[in-house]
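Given next are the chains, with one letter for each unit.
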Amino acid sequence: MTAPLLDRVRSRLVATQAEATPGRVASALRAEGVVLGDEAVLTLVETLRRELVGAGPLQSLLQQPEVTDVLVNGPDAVWIDRGEGLELTGIAFASDSDVRRLAQRLAAAVGRRLDDATPFVDARLADGTRLHAVIAPIALDGTVISLRVPRRRAFTLPELVDAGTIDHSGAAWLEALVAGRLAFVISGGTGTGKTTILSSLLGLVPATERIVVVEDSAELGPEHPHVVRLQARLANIEGAGSVTMRDLVRQALRMRPDRIVIGEVRGAEVIELLAALNTGHEGGCGTLHANSAADVPARLEALGLTAGLDREALHALAAAGLDAVVHLHRERTGRRVVEGIYVLERGDGSFVRAVPALRRLRGRMVAEPGLRRIADRLHASGATVPPVPTA
């Protein structure tokens, strides 16, 4: 079975929208003037099914419950992350053409293009898997595919404690943030578990409250009975039909939300979010890319500037609207942990800065000066104030 013949058989099945059954594969082979034995046909059927259904050779990796990411850096470099760092697998493609074909098929399955005119794609597959792919010549060493696997269910807070993400004392303060309807953002670098933690915390919201979630690409799946999920949409090939995050935040404000959640604050929607938090919408939250908690004010400032909001106004909104920052960190071992909980306080020049309230030290959360402000805010809201952790 040569590669050109395999391509022609595949094309015939795709053109007729036929499933890759032994009979249909044998018919396609006969149409090509080729006759194979039963064993060869069955082998070919299995090969075609892997290519035409699911994620092809990557499907077995995506189905492993502990895998969070599958990364393809060319035909013979397939990596996975099980939460403890990257591991090279034994899976390989025959050529870069096979990798490119898989990337194009996955993109086409959700109505997106991936070709020379549009050499990259960022999309969400039907099962919730996040797809990102780049092809040559943009990707110099061959097609690159990144698949982020959604967790089948949200972690509970006790499970995060058992996993070492946070200790019992820190978990109690996280739970208090939700119970007291404090506004917070979860910050951290890529792959630090921001979405995982946020999903867990949203599961603590009382069942009587309505959560409206706005996302660029749907990833949050909180265990909660009343969640409304909105997802942004890119423009079509004619350049029309886009729905931005900023559009959706404005719509969410009109949907009688008890909690507004921004899956990831990454653009001008930061203005609507901060404005909402300053006009009575308590308990709002979201995630934000930042290398450290100290970088959060600068990150918010940069996003505000994209919407034309001046620096002083942005810092004023952040100081008045955000009660806490929960910062995540990924250790060298690959384990994702809560590095600390911070408050935003005005410093010199009326600009806010991150002040630690709780900080992780040798696996335990220890109290810092900013904890008093969170305790005061919880007391004012009528929520139970957890015990202050001792060194």
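All residue numbers refer to position in the chain's written sequence, counted from 1. For a predicted model such as this one, the threshold for reporting local features is a pLDDT of at least 70, and the threshold for listing and counting side-chain atom pairs is 80 or more; totals across whole chains, interfaces and linings nevertheless cover every residue. For the side-chain quantities, the full set of heavy atoms in the structure was used; hydrogens and water were omitted.

### Some thoughts on helix α7 (residues 168–179)
The periodicity of an α-helix, 3.6 residues per turn, causes residues three or four positions apart to be oriented the same way.
Here is step 1: Only runs of H or I of at least four residues qualify as helices and only runs of E of at least two qualify as strands under DSSP, and these elements are numbered from the N terminus. What a helix is expected to span follows from its residue count: subtract one and scale by 1.5 Å. With twelve residues, α7 should reach 16 Å at 1.5 Å per residue; the first-to-last C-alpha distance of 16 Å fits that figure.
Here is step 2: Partly exposed describes any residue whose relative accessible area lies between the buried limit of under 20% and the exposed limit of over 50%, with all areas from a 1.4 Å probe on protein chains only and scaled to the type maximum. Within the span of α7, buried status applies to Gly170, Ala171, Trp173, Leu174, Ala176, Leu177 and Val178.
Here is step 3: Following α7 by one or two positions, Arg181 has its phi on the positive side, about 55°.

### Considerations on the nonpolar core
When a protein is soluble and globular, its nonpolar side chains tend to lie buried together.
Here is step 1: Of all hydrophobic cores here, the largest spans 38 residues; its most connected members are Val326 and Ile374.
Here is step 2: The greatest single-element share of this core, amounting to six residues, is contributed by α7.
Here is step 3: By the convention used here, residues are in contact when the closest approach between their heavy atoms is within 4.5 Å. Sequence-distant contacts of Ile374, that is, excluding residues within four places in its chain, are made with Trp173, Leu177, Leu182, Asp323, Ala324, Ile341, Val343 and Ala357.
Here is step 4: By size, the runner-up hydrophobic cluster in this structure holds 36 residues, among which are Leu274, Leu309, Ala319 and Val325. By convention a nonpolar core is built from buried Ala, Val, Leu, Ile, Met, Phe, Trp, Tyr and Cys residues, the set being connected through side-chain atoms within 4.5 Å.

### Some thoughts on the packing of aromatic side chains
Here is step 1: For Phe, Tyr and Trp, where Trp contributes only its six-membered ring, two rings pair if their centres lie within 6.5 Å, and the inter-plane angle classes them as stacked under 30 degrees, edge-to-face over 60, or tilted in between. Considering all chains together, one arrives at zero aromatic pairs under this definition.
Here is step 2: In this scheme, Lys NZ or Arg CZ marks a charge over a ring once it lies within 6 Å of the ring centre and within 35 degrees of the ring normal. A cation over a ring is seen here: Arg311 above Phe351, with NZ or CZ 4.0 Å from the ring centre.

### Quick word on helix α10 (residues 269–277)
Here is step 1: When you tally the buried positions in α10, you get eight out of nine residues, the bulk of the element.
Here is step 2: Three or more residues of α10 are buried, namely Glu269, Val270, Ile271, Glu272, Leu273, Leu274, Ala276 and Leu277.
Here is step 3: Check the buried side of α10 and you find it contacts α9 (245–252), β10 (259–262), α11 (296–306) and α12 (311–321).

### Quick notes on the sheet that holds strand β4 (residues 120–124)
Here is step 1: We call two strands paired when DSSP finds no fewer than two bridges between them. Reading across the sheet, the six strands line up as β3-β2-β1-β6-β5-β4 and stay open at both edges, with antiparallel pairing between neighbours. Single-partner strands in this sheet number two, and they are β3 (86–88) and β4. The sheet shows a mean angle of 15° between the axes of neighbouring strands, direction not considered.
Here is step 2: Here β4 pairs with strand β5 (residues 130–134) via five bridges, running antiparallel. Bridging from a neighbouring strand, Arg124 pairs with Arg130 of β5. Interaxial angles span 0 to 180 degrees and are taken between N-to-C directions of axes, which are lines fitted to C-alpha atoms, for helices over the stretch in contact.

### With respect to the pairing of strand β12 (residues 324–330)
Here is step 1: In terms of burial, β12 is largely enclosed, as five of its seven residues are buried.
Here is step 2: As judged from the four bridges shared by strand β7 (residues 184–188) and β12, these two strands associate in the parallel manner. Each residue of the ladder has a partner; that of Val185, found in β12, is Val325.
Here is step 3: Hairpin connection between β12 and strand β13 (residues 336–346): a loop of five residues separates the two successive antiparallel strands, and Gly334 in this loop has a positive phi of roughly 100°.

### Observations regarding the confidence of the model for the protein chain
Here is step 1: pLDDT expresses how confident the predictor is about each individual residue, on a scale running from 0 to 100. Confidence in the prediction of the protein chain, expressed as mean pLDDT, is 86, and 89% of residues score 70 or more.
Here is step 2: At the low end of the mean pLDDT range in the protein chain sits helix α3 (residues 38–52), at 65; at the high end sits α7, at 96.

### Considering the sheet that holds β13
Here is step 1: Strands sit in the order β9-β8-β10-β11-β7-β12-β13-β14-β15 across an open sheet of nine strands; the sheet is mixed. In this open sheet, the two edge strands, each paired with only one partner strand, are β9 (227–231) and β15 (364–367). Put simply, the sheet's adjacent strands are angled 25° from each other on average, direction ignored.
Here is step 2: Note: strand β8 (residues 211–215) against β10, four bridges, orientation parallel. Bridged to Val213 within β10 is Val261.

### A few points about the environment of Thr89
Here is step 1: Structurally, Thr89 can be placed in the loop between β3 and α5 (96–109).
Here is step 2: According to the relative accessible area criterion, Thr89 is buried, its value standing at 19%.
Here is step 3: Once the C-alpha coordinates of Thr89 and Leu61 are considered, the two residues, 28 residues apart in sequence, prove to be 9.2 Å apart.
Here is step 4: Thr89 has contacts with Leu61, Val78, Trp79 and Ile80, leaving out every residue within four places of it along the chain.

### Here we look at the packing of α9 against α10
Here is step 1: The geometry of α9 relative to α10 is characterised by a closest axis approach of 8 Å and an angle of 20° between their N-to-C directions. Between α9 and α10, the angle is such that the two are roughly parallel. Crossing geometry of α9 relative to α10 is assigned as left-handed. Contact residues: Met245, Arg246, Val249 and Arg250 in α9; Glu269, Ile271, Glu272 and Leu273 in α10. Geometric relationships in this document are graded by angle, where less than 35 degrees denotes roughly parallel, more than 145 denotes roughly antiparallel, 65 to 115 denotes roughly perpendicular, and other angles denote oblique. Definitions for this section: a left-handed crossing has its near helix turned counterclockwise from the far helix by less than a right angle. A right-handed crossing has that turn clockwise.

### Topic: the pattern of salt bridges
Here is step 1: The salt bridge criterion pairs a side-chain nitrogen of Lys or Arg with a carboxyl oxygen of Asp or Glu, the two atoms within 4 Å. Taken as a whole and assessed by the stated rule, the structure comprises 24 salt bridges.
Here is step 2: Between Arg113 and Asp115 there is a salt bridge; the shortest N-O distance is 3.0 Å.
Here is step 3: Taking the relative accessible area as the measure of exposure, Arg113 reaches 40% and is therefore partly exposed.
Here is step 4: Asp115 sits in the partly exposed class, given a relative accessible area of 23%.
Here is step 5: Across the pair Glu331 and Arg335 runs a salt bridge, and its minimum N-O distance is 3.2 Å.
Here is step 6: Looking at Glu331, the relative accessible area reads 24%, which means it is partly exposed.
Here is step 7: Residues participating in the shared-partner salt-bridge network are Arg181, Glu209, Arg259, Glu282, Asp323 and Arg377.

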